[in-house]
Amino acid sequence: MAASDMEAEIKELRNDVQNYQPGSGVVCPDPIEFPGKIFIGLFGRTGCGKTSLINSLKSATIGKLRQGKWLQAAGQEKTGGHTMYRKMADLTKSIFVIDNRGLDNPRTKQAMSEIEEQLGNAAHDIQVNATALMGIVDFLHNLQGCYPLAVITHVDVAEKVQVDNLKIILRLSGVSDVFEVANVTKEKEVLEKVYQLNLLRLLDRCMTDANDTLIFKHYRKKEEEKQAKIRADRAAKEMEKKKEAERQEKLREERFIKAVQKLEREKQEEIRRIIDANKQEERNCVIL
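Let us look at the structure shown here. Just so it is clear, the model here is predicted, and its values are computed rather than measured.

## Some words on the overall build of the protein chain
Next, step 1: Along the backbone of the protein chain there are six helices and eight strands.
Next, step 2: Along the protein chain, from the amino end to the carboxyl end, the secondary structure elements read α-β-α-β-β-β-β-β-α-α-β-α-β-α.
Next, step 3: Scored against the burial criterion, the 288 residues of the protein chain give a buried share of 33%.
Next, step 4: By sequence separation, contacts in the protein chain at least 24 residues apart represent 61% of the contacts at least 6 residues apart.
Next, step 5: Counting every atom, the protein chain has about 18600 Å² of accessible surface; 53% of that belongs to carbon and sulfur.

Now the structure itself:
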């Protein structure tokens, strides 16, 4: 890409990011109430560069080095430079990034719980039968309606063969796209244009996926409400059917009781008739 074209795309994307509002430009048949903010969750192994990636995203967003303002998302304890709990930083007034505690073993229930808590379901002991990265990718897709993005950091200092191998693994795991970026550090405060562009493309994709996820959740909620109404209507019909069956059973019991009572009356009347007839015969008897 020519330097002028790259600069033009950086300028356009930076403007889009800085002015992004959830739902802006979205065409949807249903009126959807979009929130005022989106939250981008970062997950990865301890020390993989999630915190410095946030500073790099902030730098690419505003066009100069500036660290994101840290906001409390949980605890902010750190050990040896590693995030132990979740932290949240603002990129713009509408875009926030959450730096999660390092997920060193993606096979564990704890890793899944961390992700689900981040995404608002507040579960801490969910049962997940998943294997490593593929399990997390499928898990996120089921929750969000879209496959997660992958980011390879420090590509400027990594061996190309390592980056290529990692891209293959990530693609095979099912991620929707892979972004190669360099991180802002104390020694490197200005990123090359290609990495600024990749960071902005990453944010642009996050904004698109955020809108798609919000639409997906709207229709999923709508479908859940529809299914709940169907179940409620079915339950109401079953209840009405049960009540009707009970009413018919009661009517049958009443008819049976009345029939028994009628037979009993007829029987008593027949007995009285026979007794009366016998008495009449006795009166008509003549002793010779």
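## Observations regarding the environment of Lys217
Next, step 1: Checked against the element boundaries, Lys217 lands in helix α6 (residues 193–284).
Next, step 2: Distance in space between the C-alpha atoms of Lys217 and Leu143 is 8.9 Å, their sequence separation being 74 residues.
Next, step 3: The contact partners of Lys217, leaving out residues within four places of it in the chain, are Leu143 and Gln144.

## Observations concerning the pairing of strand β8 (residues 177–180)
Next, step 1: Sheet topology note: the strand β7 (residues 149–152)/β8 ladder contains four bridges and is parallel. Counted as the bridge partner of Val151 is Phe179 from β8.
Next, step 2: Regarding the hand of the β-α-β motif, the stretch spanning β7, helix α5 (residues 160–173) and β8 is right-handed.

## What to know about the pattern of salt bridges
Next, step 1: According to the stated counting rule, one finds 13 salt bridges in the structure shown.
Next, step 2: In this structure, Glu180 engages Lys167 in a salt bridge whose closest nitrogen and oxygen atoms are separated by 2.9 Å. Note that Glu180 is positioned in strand β8 and Lys167 in helix α5, a separation of 13 residues in sequence.
Next, step 3: Several salt bridges converge on common partners, so that one network encompasses Arg171, Asp177, Arg205 and Asp209.

## A look at the nonpolar core
Next, step 1: With 38 residues, the main nonpolar core has Leu57, Ile95, Val97 and Leu199 as its most contacted residues.
Next, step 2: At the level of secondary structure, the elements contributing two or more residues to this core comprise α1 (3–18), β1 (38–42), α2 (50–62), β6 (95–99), β7, α5, β8 and α6.
Next, step 3: Looking at this core element by element, the count peaks at nine residues for α6.
Next, step 4: Aside from chain neighbours lying at most four places away, what touches Val97 is Ile40, Leu42, Ile54, Leu57, Lys87, Met88, Ala89 and Leu91.

## Some remarks on the packing of α1 against α2
Next, step 1: Two elements in contact, α1 and α2, have axes separated by 8 Å at closest approach and are oriented at 105°. The orientation of α1 with respect to α2, classified from their angle, is roughly perpendicular. Packed against α1, whose contacting residues are Arg14, Val17 and Gln18, the element α2 presents Ala60, Thr61 and Ile62 at the interface.
Next, step 2: A per-class count over the contact of α1 with α2 returns three nonpolar, two polar and one charged.

## Brief notes about α2
Next, step 1: Look at α2: 19 Å from first C-alpha to last across 13 residues, which is about the 18 Å you get at 1.5 Å a residue.
Next, step 2: Judged by how many residues are buried, α2 sits mostly within the fold: 11 of 13 residues are covered.
Next, step 3: Taken as a whole, α2 has its buried residues at Lys50, Ser52, Leu53, Ile54, Asn55, Ser56, Leu57, Lys58, Ser59, Ala60 and Thr61.
Next, step 4: Among the residues trailing α2, Gly63 stands out with phi positive, at a value near 90°.

## A look at the side chain of Ser52
Next, step 1: Its location among the elements puts Ser52 in helix α2.
Next, step 2: Here the side chain of Ser52 touches Asn183 through a polar contact of 2.7 Å, side chain to side chain.
Next, step 3: Apart from residues lying up to four places away in sequence, Ser52 is in contact with His154, Asn183 and Val184.

Cut-offs used in this document
- Residues numbered from 1 in each chain as written.
- Predicted model: local features only at pLDDT ≥ 70, side-chain atom pairs only at ≥ 80, totals over all residues.
- Heavy atoms only, no water.
- Helix = DSSP H or I, 4+ residues; strand = E, 2+ residues; numbered from the N terminus.
- Buried < 20%, exposed > 50% of the residue type's maximum accessible area, 1.4 Å probe, protein only.
- Contact = heavy atoms within 4.5 Å.
- Areas by Shrake-Rupley, 256 points an atom, 1.4 Å probe, with all protein chains shown as cover.
- Pairing = 2+ DSSP bridges.
- Right-handed = clockwise from strand over helix to strand, strands pointing away.
- Salt bridge = Lys/Arg side-chain N within 4 Å of Asp/Glu carboxyl O.
- Core = buried A, V, L, I, M, F, W, Y, C linked by side-chain atoms within 4.5 Å.
- Axes fitted to C-alpha atoms, helices over the stretch in contact; angles between N-to-C directions.
- Parallel < 35°, antiparallel > 145°, perpendicular 65-115°, else oblique.
- Nonpolar A, V, L, I, M, F, W, Y, C, P; charged D, E, K, R; others polar.
- Expected span 1.5 Å × (residues − 1).
- Polar contact = N/O pair within 3.5 Å; in protein donor to acceptor, adjacent residues only side chain to side chain.

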